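A closer look at the structure
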Amino acid sequence: MLIKFKFLIIFLLMLLVNNFYSQRFTIKHFPPEVRGLSAICNQIIQDSKGFLWVATNDGLCRFDGDNFKLYTTDDGLNRPEINCLEEGSNGDLWVCTKA
């Protein structure tokens with residue numbers, strides 16, 4: 001009986017410690033109707049300012065934590081299909097499009 005009691009105490013302490021040190025994640029769902037969220041995502045990077053950049057076949061999306069902003073050919077891209085992204089040492093974002 002004493003062994004079962006000790007096991008129960010140790011188990012409860014492990015659960016308590018786990019709750020104190022576990023991470024909490026918040027998941028926010030963005031519906032497909034959000035402009036710029038293509039079903040095809042080629043790459044995602046986070047720049048030095050904290051923005052998430054998403055390379056899609058519909059253009060380049062910037063996510064600031066709340067909103068998406070889509071950059072397309074209207075904003076100066078040669079083509080809407082973005083293959084890869086890279087941040088330069090000075091903070092510039094390099095965008096590779098299809099030829």
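Further up the page is the structure itself.
Here's a quick rundown of the structure.

Scoring rules and cut-offs
Residues numbered from 1 in each chain as written. Predicted model: local features only at pLDDT ≥ 70, side-chain atom pairs only at ≥ 80, totals over all residues. Heavy atoms only, no water. Helix = DSSP H or I, 4+ residues; strand = E, 2+ residues; numbered from the N terminus. Buried < 20%, exposed > 50% of the residue type's maximum accessible area, 1.4 Å probe, protein only. Contact = heavy atoms within 4.5 Å. Areas by Shrake-Rupley, 256 points an atom, 1.4 Å probe, with all protein chains shown as cover. Phe/Tyr/Trp six-rings, centres within 6.5 Å; stacked < 30°, edge-to-face > 60°. Lys NZ or Arg CZ within 6 Å of the ring centre and 35° of its normal. Core = buried A, V, L, I, M, F, W, Y, C linked by side-chain atoms within 4.5 Å. Pairing = 2+ DSSP bridges. Axes fitted to C-alpha atoms, helices over the stretch in contact; angles between N-to-C directions. Patch = residues over 30% accessible without salt bridge, like charges linked within 9 Å, V, L, I, M, F, W, Y side chains within 5 Å. Salt bridge = Lys/Arg side-chain N within 4 Å of Asp/Glu carboxyl O.

**Digging into the overall build of the chain**
Scanning the chain from N- to C-terminus turns up 1 helix and 6 strands. In the chain, buried positions account for 19% of the 99 residues. Excluding contacts between residues fewer than 6 apart, the proportion of contacts in the chain whose partners are at least 24 apart in sequence is 29%. When the accessible surface of the chain is summed, it comes to about 8000 Å², and 59% of that surface belongs to carbon and sulfur atoms.

**Side note on the packing of aromatic side chains**
Centre-to-centre distance and the angle between the planes together describe a pair of aromatic rings. The final tally for this structure, using the stated rule, is 2 aromatic pairs. Its end group placed over the ring of Phe51, Arg62 keeps NZ or CZ at 4.7 Å from the ring centre. Of note, Lys69 hangs over the ring of Tyr71, and the distance from its end group to the ring centre comes to 4.7 Å.

**Describing the environment of Lys98**
Tracing the backbone shows Lys98 in the segment after strand S6 (93-97). In contact with Lys98, not counting residues within four places along its chain, are Arg79, Glu81 and Asn83.

**What about the environment of Ser89?**
Tracing the backbone through its elements, the reader meets Ser89 in the loop between strand S5 (82-87) and S6. When the C-alpha atoms of Ser89 and Ser48 are compared, they prove to be 9.7 Å apart, with 41 residues separating the residues in sequence.

**Some points on the nonpolar core**
Formed by Ile45, Trp53, Ala55, Leu60, Leu77, Ile82 and Leu85, the largest nonpolar core amounts to 7 residues. Elements with a minimum of two residues in this core: strand S2 (52-56) and S5. Not counting chain neighbours up to four residues away, the residues in contact with Trp53 comprise Gln43, Ile44, Ile45, Asp47, Leu60, Cys61, Arg62, Tyr71, Leu85 and Leu93.

**Overview of the sheet that holds strand S1 (residues 41-46)**
One open sheet holds the 4 strands; their spatial order is S1-S2-S3-S4, and the pairing between them is antiparallel. Of all the strands in the sheet, the pair left with one neighbour each is S1 and strand S4 (68-71). Here the strands of the sheet are splayed against their neighbours by 20° on average, with no regard to which way each runs. Sheet topology note: the strand S3 (residues 59-63)/S4 ladder contains 4 bridges and is antiparallel.

**A word on a nonpolar patch on the surface**
Together, Phe7, Leu8, Phe11, Leu12 and Leu15 line one region of the surface with nonpolar side chains, adding up to about 500 Å² of accessible area. Along the chain, Leu8 falls in helix H1 (residues 2-21).

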